[in-house]
Amino acid sequence: MTSEEFKAARKQLGMTVRQMADALRLSTTNGYRMIRRIESGEIAVSGPISVAVEAMLAGFVWVEDDMFEENDGERYFEEGF
């Protein structure tokens, strides 16, 4: 996945840079910057990030921990259509 494809995918998913960083479980301190660096082409999209983004595009939706209290604060992907 190229940096342009990554940025297009984020926009297609309707996510902000911060939301994408959170969805990819990047650190709260540097995640935002990492997404910006990927989108600018400064760093390459890693294999795991590419796979995660492709999964989101394929229909897996991000479930925030505050949406489901019974999951003990865990975040996970859930199949959604």
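The structure presented is a predicted model; accordingly, all values stated were derived computationally and were not measured.

S.K.: Is there a simple way to explain the environment of Ala 23 in this structure?
M.R.: Checked against the element boundaries, Ala 23 lands in helix H2 (residues 17-23). Sequence spacing of Ala 23 and Met 56 is 33 residues, and the spatial spacing of their C-alpha atoms is 9.4 Å.

S.K.: For this particular structure, what's the right way to read the nonpolar core?
M.R.: One recurring pattern in soluble globular proteins is that nonpolar side chains are buried together. Grouped together as the largest cluster of nonpolar side chains are 16 residues, with contacts concentrated most on Phe 6, Met 20, Leu 24, Ile 35, Ile 49, Val 53 and Met 56. Among the secondary structure elements, those contributing two or more residues to this core are helix H1 (3-12), H2, helix H3 (31-40) and helix H4 (47-57). Among residues more than four places away in sequence, those in contact with Ile 49 are Phe 6, Leu 24, Met 34 and Ile 38.

S.K.: How do you make sense of the packing of H1 against H3 when you look at a structure like this?
M.R.: Angle between the axes and distance between the axes are the two parameters that describe a pair of packed helices. Two elements in contact, H1 and H3, have axes separated by 7 Å at closest approach and are oriented at 125°. With respect to each other, H1 and H3 are oriented oblique. Across from Ser 3, Phe 6, Lys 7 and Arg 10 in H1, the residues of H3 making contact are Ile 35, Ile 38 and Glu 39. Of the residues that constitute the contact of H1 with H3, the class distribution is three nonpolar, one polar and three charged.

S.K.: Can you walk me through the packing of aromatic side chains in this structure?
M.R.: Aromatic ring pairs: the centre-centre distance and the angle between the two ring planes describe each pair. Taken as a whole and assessed by the stated rule, the structure comprises zero aromatic pairs. Taking the ring centre of Tyr 32 as reference, the NZ or CZ of Arg 18 above it sits at 4.2 Å.

S.K.: Where do I start with H1 in this structure?
M.R.: For H1, the full list of buried residues reads Ser 3, Phe 6, Ala 9 and Arg 10. Looking down the long axis of H1, one finds its buried residues gathered within 120° of arc, a one-sided arrangement. Turned more than 90 degrees away from the buried face of H1, the exposed residues are Glu 4, Lys 11 and Gln 12. Contacts from the buried residues of H1 go to H2, H3 and H4.

S.K.: Whenever I open this one, the confidence of the model for the protein confuses me. Can you help?
M.R.: Where the model shows low pLDDT, its predicted coordinates should not be examined in detail. Scored by pLDDT, the protein has a mean of 81; 74% of the residues are at 70 or more. Taken together, the stretch residues 65-71 has pLDDT below 50 and engages in seven contacts with residues farther than four places along the chain or on a different chain.

Definitions and cut-offs
Residues numbered from 1 in each chain as written. Predicted model: local features only at pLDDT ≥ 70, side-chain atom pairs only at ≥ 80, totals over all residues. Heavy atoms only, no water. Helix = DSSP H or I, 4+ residues; strand = E, 2+ residues; numbered from the N terminus. Core = buried A, V, L, I, M, F, W, Y, C linked by side-chain atoms within 4.5 Å. Buried < 20%, exposed > 50% of the residue type's maximum accessible area, 1.4 Å probe, protein only. Contact = heavy atoms within 4.5 Å. Axes fitted to C-alpha atoms, helices over the stretch in contact; angles between N-to-C directions. Parallel < 35°, antiparallel > 145°, perpendicular 65-115°, else oblique. Nonpolar A, V, L, I, M, F, W, Y, C, P; charged D, E, K, R; others polar. Phe/Tyr/Trp six-rings, centres within 6.5 Å; stacked < 30°, edge-to-face > 60°. Lys NZ or Arg CZ within 6 Å of the ring centre and 35° of its normal. Arc of directions from axis to C-beta. pLDDT = per-residue confidence, 0-100.

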